[in-house]
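The chain contents come next:
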Amino acid sequence: MQTPFYLIDKAALRRNMEIVARLREVSGAKALLALKCFASWSVFNLMRDYMDGTTSSSLYELHLGAEKFGGETHAYSVAWAEHEIDEAVGYADKIIFNSIGQLERFGERAGGITRGLRLNPRFSTSGFDLADPARPFSRLGEWDPVKIEGVLDRISGVMIHYNCENRDFALFDQQLGRIEAEFGSILQRLDWVSLGGGIHFTGEGYPVEALAARLKAFSERFGVQVYLEPGEAAITDTTTLEVTVLDILENEKKLAIVDASIEAHMLDLLIYREAARLPQEGDHAYQICGKSCLAGDIFGDARFVRPLQVGDRVSVRDAAGYTMVKKNWFNGVKMPAIVLRQEDGSLTVVRDFGYEDYRASLS
Ligand SMILES: *Cc1c(COP(=O)(O)O)cnc(C)c1O
């Protein structure tokens, strides 16, 4: 099969989904897939059996969730435009406004569905300001309890997204305690609370049962339906980016150029200055480099048992989250196809991209 392609392993996806299902069952919480992290809809038929629906960050994600996933469809956007709101309400069963201003402007037009507001607790687990909803001057949600209490007659729930790849249950427990203490009088008057995404409960060794018990206690204390909005946790470690070595150079290090680009095909790694997850076994070290002309188009350092040759296949792990949704046409580099590894081991190409797609992306 011609590289480059993203390879989604359905057996690995099902393993994650079984953890989601267990968490839902024990905690009573509902789980919605956050489409901004992963929107490869050809596996939604598998995920649908384990999750309650989707949540979104724009009209198009919302449309895709309604069309391709179904179930409960939450609509969220940092700001809705006048020309979007009626269409958005048509797809959603719940709409979560980012601000009281948007609730006041559009709340009546969403009167036929459930309405909520984003609450910003002004703390988070994010260590990187670019992705920190609690950063100074944050526009993500309302934080003043007095103002929020003033609109409680118009909403039945809130969404609080403040975790970011949080692997630490003790920290989650402690911060949820802070939310209970600081916003308890609001929570008591609501029917539902979404705790957003960013809880890494499918990671190795995560105490899923303790999380479930904590969510159940929260739900019972305030009499609310809890929602979780996993993105990364739903698809972590299910997908690889498969590439082929095109050339080998040497400049103090051995350099292997592959037929993909970190800027175009795994952009998040570049933004957050993280290395790709590459093979690390053996004595032969190479820097794995992308084929765009960006000087820093580098996947990272890898090790192999044998010296690499032109034509060798390299597999980049954990390539689903915030990756396939961000691929782009920088340098006109061929976009990786999307391939499924079925549970019987066979491979199915579900999407390939060609020159026509590149041309159609511009005008
Ligand atoms: C990004 C986001 C999510 C998903 O976050 P993950 O870290 O991928 O789990 C969920 N809800 C909201 C509101 C978000 O912005």
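Residues numbered from 1 in each chain as written. Predicted model: local features only at pLDDT ≥ 70, side-chain atom pairs only at ≥ 80, totals over all residues. Heavy atoms only, no water.

## Here's the deal with the sheet that holds strand β2 (residues 30-34)
Link 1 in the chain: Pairing is parallel around the closed barrel formed by eight strands, whose spatial order is β2-β3-β4-β5-β6-β7-β8-β9. Neighbouring strand axes in the sheet, compared pairwise and without regard to direction, differ in orientation by 25° on average.
Link 2 in the chain: Bridging between strand β7 (residues 157-159) and strand β8 (residues 192-194) involves three bridges; their strand directions are parallel. Bridge assignment links Val 158 to a residue of β8, and that residue is Val 193.
Link 3 in the chain: Across the face of the sheet, helix α3 (residues 59-69) comes into contact with β2, β3 (53-55) and β4 (72-77) while running at roughly 170° to β4. (Pairing = 2+ DSSP bridges. Helix = DSSP H or I, 4+ residues; strand = E, 2+ residues; numbered from the N terminus. Axes fitted to C-alpha atoms, helices over the stretch in contact; angles between N-to-C directions. Contact = heavy atoms within 4.5 Å.)

## Overview of the packing of aromatic side chains
In this description, an aromatic ring pair is defined by two values, namely the gap between the centres and the angle between the planes.
Link 1 in the chain: Taken as a whole, this structure holds nine aromatic pairs when the rule is applied.
Link 2 in the chain: Centre to centre, the rings of Trp 192 and Tyr 227 are 6.3 Å apart; their planes meet at 90°, and the pair counts as edge-to-face. Highlighted residues: Trp 192 in strand β8 and Tyr 227 in strand β9 (residues 225-228), separated in sequence by 35 residues. Tyr 227 shares its class with Trp 192; the two are buried.
Link 3 in the chain: Each ring, one from Trp 329 and one from Tyr 358, has its centre 5.6 Å from the other, and the planes form 55°; the classification is tilted. Highlighted residues: Trp 329 in the loop between β14 (313-317) and β15 (337-341) and Tyr 358 in helix α12 (residues 355-360), separated in sequence by 29 residues.
Link 4 in the chain: Note on Tyr 358: relative accessible area 31%, which makes it partly exposed.
Link 5 in the chain: An aromatic cluster of three or more residues is present, and its members are Trp 329, Tyr 355 and Tyr 358.
Link 6 in the chain: Sitting over the ring of Trp 41, Lys 68 keeps its end group 3.9 Å from the ring centre.
Link 7 in the chain: The cationic tip of Arg 122 hangs over the ring face of Trp 143; the distance from NZ or CZ to the ring centre is 3.8 Å. (Phe/Tyr/Trp six-rings, centres within 6.5 Å; stacked < 30°, edge-to-face > 60°. Buried < 20%, exposed > 50% of the residue type's maximum accessible area, 1.4 Å probe, protein only. Lys NZ or Arg CZ within 6 Å of the ring centre and 35° of its normal.)

## Examining the site of the ligand
Link 1 in the chain: Around the ligand lies a shell formed by Ala 34, Lys 36, Cys 37, Met 159, His 161, Gly 197, Gly 198, Glu 229, Pro 230, Gly 231, Glu 232 and Tyr 322.
Link 2 in the chain: Gly 198 has a polar backbone atom sitting 2.7 Å from an oxygen atom of the ligand.
Link 3 in the chain: Relative to its unbound accessible surface of 380 Å², the ligand loses 88% to contact with the protein.
Link 4 in the chain: The residue inventory of the shell around the ligand, partitioned by class, reads five nonpolar, four polar and three charged. (Near = heavy atom within 4 Å. Polar contact = N/O pair within 3.5 Å; in protein donor to acceptor, adjacent residues only side chain to side chain. Areas by Shrake-Rupley, 256 points an atom, 1.4 Å probe, with all protein chains shown as cover. Nonpolar A, V, L, I, M, F, W, Y, C, P; charged D, E, K, R; others polar.)

## Observations concerning the nonpolar core
Link 1 in the chain: In terms of nonpolar packing, the biggest core is built from 97 residues, with Met 47, Met 51, Trp 80, Ile 288 and Phe 299 touching the most fellow members.
Link 2 in the chain: Of all the elements, helix α7 (residues 169-187) adds the most residues to this core, at seven residues.
Link 3 in the chain: The residues touching Trp 80, leaving out its near neighbours within four places in the chain, are Ser 58, Leu 59, Leu 62, Ala 75, Ile 85, Ala 88, Ile 95, Ile 96, Phe 97, Gln 102 and Phe 106.
Link 4 in the chain: Listed in part, the seven residues of the second largest apolar core include Leu 32, Ile 96, Leu 140 and Met 159. (Core = buried A, V, L, I, M, F, W, Y, C linked by side-chain atoms within 4.5 Å.)

## Focus on helix α8 (residues 208-222)
Link 1 in the chain: The terminal C-alpha atoms of α8, which comprises 15 residues, lie 22 Å apart, in line with the 21 Å expected from a rise of 1.5 Å per residue.
Link 2 in the chain: Taken as a whole, α8 has its buried residues at Val 208, Leu 211, Ala 212, Arg 214, Leu 215, Phe 218, Ser 219 and Phe 222. Buried residues of α8, viewed axially, fall in a sector of 165°; they line one side. Across from the buried face of α8, at angles greater than 90 degrees, the exposed residues are Glu 220 and Arg 221.
Link 3 in the chain: Two residues or fewer past α8, Gly 223 is found with a positive phi of approximately 65°. (Expected span 1.5 Å × (residues − 1). Arc of directions from axis to C-beta.)

## Describing the UniProt feature "domain: Orn/DAP/Arg decarboxylase 2 C-terminal" (unreviewed entry) in the protein
Link 1 in the chain: The feature "domain: Orn/DAP/Arg decarboxylase 2 C-terminal" (unreviewed entry), as given by UniProt, occupies residues 108-319 in the numbering adopted here.
Link 2 in the chain: Secondary structure content for residues 108-319 is 25% helix and 25% strand, while the C-alpha to C-alpha distance between its ends is 41 Å. (UniProt positions renumbered as here; feature names shortened; annotations may be inferred.)

## Here we look at unusual backbone geometry
Link 1 in the chain: Cis geometry marks the peptide bond from Thr 3 to Pro 4, where omega comes out at 0°.
Link 2 in the chain: For Asp 318, which is not glycine, the phi torsion reads 60° and is therefore positive.

## Focus on the side chain of His 200
Link 1 in the chain: Within the fold, His 200 resides in the loop between β8 and α8.
Link 2 in the chain: Classification of His 200 by relative accessible area gives buried; the value is 5%.
Link 3 in the chain: In contact with His 200, not counting residues within four places along its chain, are Glu 165, Asn 166, Arg 167, Tyr 206, Glu 232, Ala 233 and Thr 236.

## Topic: the UniProt feature "binding site: substrate" (unreviewed entry) in the protein
Link 1 in the chain: Summarizing the sequence annotation, UniProt attributes the feature "binding site: substrate" (unreviewed entry) to Glu 232 and Asp 268 in the numbering used throughout. What stands out for the annotated residues spanning 37 residues is how close their C-alpha atoms remain, the widest pair being 12.4 Å apart.
Link 2 in the chain: Examined against the element boundaries, Glu 232 turns out to sit in helix α9 (residues 232-235).
Link 3 in the chain: For Glu 232, the contacting residues outside a window of four places in its chain are Cys 37, Glu 165, His 200, Asp 318, Gly 321 and Tyr 322.
Link 4 in the chain: Position of Asp 268 relative to the elements: it lies in helix α11 (residues 267-271).
Link 5 in the chain: Using a relative accessible area of 16% as the deciding quantity, one classes Asp 268 as buried.

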